[in-house]
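Each chain, letter by letter, is given below.
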Amino acid sequence: MIAYALRRAAAVVPILFLIVTASFFAIRLAPGGPFEAPQALPPAVRANMEAVYGLDRPLAAQYVNYLGGLLHGRLGPSLSVRDVQVSELIAQGLPVSATLGLASLLVALLAGIPLGIAAALRRGRAVDHLATGVAVLALALPGFVVGPALALGFGVHLHWFAAGGWELDARHLVLPVATLALPTIAYVARLTRGSLLEVLRADYIRTARAKGLRERQVILRHALRPALLPVVSFLGPVVAAVLTGSLVVESVFGLPGTGRYLVEGAIDRDYPLVMGMVILYGALTLGANLAADLLHGWLDPRVRHD
Amino acid sequence: MIEADALVSAASPARSGGPAESRLWARLRHRRSAQLGAGILLAILLAAVLGPLASRYGYDQLDWHHIAIPPFSGEHWLGTDRLGRDLAVRMLYGARLSLAIGLTATCVSVVIGVAWGAAAGFAGGRTDAVMMRIVDGLNSLPYLLLVIALTTLFGRGNPYVLFAGIGAVGWITMARIVRGQALSLARRTFIEAAVASGASAPRIVARHIVPNLAGPVIIYAALTVPQMILFESFLSFLGLGIQEPLASLGSLIRDGAAQMGSAPWLLAGPASLLALLLLGLNLLGDALRDALDPRG
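Scope of this entry: the structure provided in the associated data block. (Residues numbered from 1 in each chain as written. Chains lettered and ligands numbered in written order. Predicted model: local features only at pLDDT ≥ 70, side-chain atom pairs only at ≥ 80, totals over all residues. Heavy atoms only, no water.)

## Details of the interface of chain A and chain B
Often the size quoted for an interface is simply the accessible area lost on bringing the parts together.
Right, on to step 1. Taken together, the 39 residues of chain A in the interface contact 34 residues of chain B.
Right, on to step 2. In this assembly, chain A packs against chain B so that about 3,100 Å² is buried in total across both faces, 79% of it on carbon and sulfur atoms.
Right, on to step 3. Linking chain A with chain B are 1 salt bridge, by the criterion used here.
Right, on to step 4. Arg 190 of chain A is the salt-bridge partner of Asp 286 of chain B, the closest N and O atoms lying 3.3 Å from each other.
Right, on to step 5. For the interface between chain A and chain B, the tally reads 1 residue pair in polar contact (both at pLDDT 80 or more).
Right, on to step 6. A class-by-class count of the residues in the side of chain A that touches chain B yields 30 nonpolar, 5 polar and 4 charged. (Contact = heavy atoms within 4.5 Å. Buried area = accessible area lost by both parts, 1.4 Å probe. Salt bridge = Lys/Arg side-chain N within 4 Å of Asp/Glu carboxyl O. Polar contact = N/O pair within 3.5 Å; in protein donor to acceptor, adjacent residues only side chain to side chain. Nonpolar A, V, L, I, M, F, W, Y, C, P; charged D, E, K, R; others polar.)

## Brief notes about the packing of helix 4 (residues 86–121) of chain A against helix 7 (residues 170–200) of chain A
All names here are of chain A.
Right, on to step 1. At a minimum axis distance of 6 Å, the contact between helix 4 and helix 7 shows a crossing angle of 35°. Regarding helix 4 and helix 7, the two cross each other, and that crossing is right-handed.
Right, on to step 2. Among the residues making up the contact of helix 4 with helix 7, the classes are represented as 22 nonpolar, 5 polar and 1 charged. (Axes fitted to C-alpha atoms, helices over the stretch in contact; angles between N-to-C directions. Helix = DSSP H or I, 4+ residues; strand = E, 2+ residues; numbered from the N terminus. Left-handed = near helix turned anticlockwise from the far one by under 90°.)

## What to know about the packing of aromatic side chains
All names here are of chain A.
Right, on to step 1. Inspection of the entire model under this criterion finds 9 aromatic pairs over all chains.
Right, on to step 2. Chaining the aromatic ring pairs together yields one cluster made of Phe 24, Phe 25, Tyr 63 and Tyr 66.
Right, on to step 3. Seen from the ring of Tyr 271, Arg 28 lies directly overhead, with NZ or CZ sitting 4.2 Å from the centre. (Phe/Tyr/Trp six-rings, centres within 6.5 Å; stacked < 30°, edge-to-face > 60°. Lys NZ or Arg CZ within 6 Å of the ring centre and 35° of its normal.)

## Description of helix 7 of chain A
Residues three or four positions apart in an α-helix share a direction because the helix packs 3.6 residues into each turn.
Right, on to step 1. Look at helix 7 of chain A: only 39 Å from first C-alpha to last across 31 residues, short of the 45 Å you get at 1.5 Å a residue.
Right, on to step 2. Considering bend angle alone, the principal kink of helix 7 of chain A is centred on Ala 181 of chain A and spans about 35°; proline Pro 183 of chain A follows within four residues of it. (Expected span 1.5 Å × (residues − 1). Bend = angle between axes of the 7 residues up to and from the residue.)

## Some details on helix 10 (residues 214–237) of chain B
Residue and element names in this part refer to chain B.
Right, on to step 1. Here helix 10 contains 24 residues, and its C-alpha end-to-end distance of 34 Å stays within 8% of the 34 Å for a straight helix at 1.5 Å per residue.
Right, on to step 2. Helix geometry: helix 10 is bent most strongly at Thr 224, by close to 25°, with proline Pro 226 lying one to four residues after it.
Right, on to step 3. Summarising burial for helix 10: 17 of the 24 residues are buried, a large majority. (Buried < 20%, exposed > 50% of the residue type's maximum accessible area, 1.4 Å probe, protein only.)

## Notes on a nonpolar patch on the surface
All names here are of chain B.
Right, on to step 1. Nonpolar side chains collect at one region of the surface, where Leu 42, Leu 45, Leu 46, Val 49, Leu 50 and Leu 53 lie side by side and expose about 590 Å² of accessible area between them.
Right, on to step 2. On the secondary structure map, Leu 50 appears in helix 3 (residues 32–54).
Right, on to step 3. When its relative accessible area of 48% is taken as the criterion, Leu 50 is described as partly exposed. (Patch = residues over 30% accessible without salt bridge, like charges linked within 9 Å, V, L, I, M, F, W, Y side chains within 5 Å. Areas by Shrake-Rupley, 256 points an atom, 1.4 Å probe, with all protein chains shown as cover.)

## Considerations on the environment of Pro 230 of chain A
Residue and element names in this part refer to chain A.
Right, on to step 1. Within the element layout of this structure, Pro 230 appears in helix 9 (residues 215–233).
Right, on to step 2. Counting along the chain gives 34 residues from Pro 230 to Leu 196, while the straight-line C-alpha distance between them is 9.9 Å.
Right, on to step 3. Ignoring anything within four residues of it in the chain, the contact list for Pro 230 reads Leu 191 and Ser 195.

Shape descriptors only; they carry no functional weight alone.
If you want it as structure tokens, here you go:
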């Protein structure tokens, strides 16, 4: 297991390196620059600014320089927010985004898995139809529809929750977390239902029933573990979806997270900020994939020996 | 050569698919969810195509006498926005644009995905390993976020960049599905027969592998359309997609969300239409999948 874990972890490094390299050059290929229109400066000032940030040097030299900084944990200064390091911007926003993301992920798993199990066990009955209906609806209601609707209904009209803003209490957390978790709940429930139905047809389940185990034990001890494997291996894409979704949710509820920096940084041609966001989100996604792989390997020993 | 090919074609399951197709149609027709989905979709399509023709207003036509009036009050059916533009007409144009983008982007992703997946699956061996490594690599990235960053950098509001960006998202899953199918097809006897009769690799892929992939490809393409529409709306919501005075459902929702306190109908209308459209497409896609693959 440890060898497997090390092997998987080692595979992440070259991928991250490729992401950094590809995005560094792709971003520079884009037309425009950080000190051009709309915040146009006199040419002399602009040349000066570019010299200060090293943007006048050859691209290859800048790339080597950037990589060197990365190895020392430096993401560089922001070009659009004066006198602030990219790492400081991330440090300010990350607690908000991480709280939001983790809470949504937890809610999605805690609601989605039981819902999927219930639907699979009572196939074709009311619970199943309810779960399927919720799933279909949730897929048709993207975050940027649900978010404003919830804010309008429960925030502006009913005053149950805050319509926006950030505090660490239920009043401010419930609506954004619900918005972000809803599609993931649907996704997890569908996945759990499908794979549990598949597993329940297996021979060893028939054996377990034949030897007289109670249904509760058959489900919890024998069926659930293999049935949850697909859910585990989809954890990576689910985390990626939550990250993407948080862009919308943070914008809808005006949360001071990191999401806005990706789009704002790209609009402002703030190269270090965009790079920092790509690295942050890339590392998070790869980390989630790695965690899912390890969990999968731990739950299913066959995976370790491929 | 021609004879051998005809022989192979006769053995190829896709060519003897007549009865299977009508069975599929029968299965599909009797599904309530399929009927519902098709009904919703047809209604929206008709409205989107014919509605704007029947209306007196254009999508960018200002009416200074009726600024931000609520629905069902006078001449503007669903009300107007803060510039006095007719919301119903803008929603229908938006649905048109969303549908067009969804279909185009799906075509792009089908073409890339099928070509990539079929080539990898049929080639097998090291080529397959490398091609799928690339797909896995892209899949393990925050790929959407990269596309968002690049779309922003290379041309906000440029429709061609938008099409390419959205189409570039969908092909990955398609390539995986197709590759899996192609891999199992490649081992079948009718492919062996084609190889034995001296058919070239491109010919085998084009004539024997691709036609047999039709089922899964159609299912996944049907499920891709709503995803593409969703992604376009998502980009437009972030202000990166369709720009004023044009409207897509996403950009209308963005405008509506900004004024939901004072003019909630500007949010309610486009949001409901988008939800309905996605619901119809998803219902139809799901029913199609169930009909073709009862196991799933």
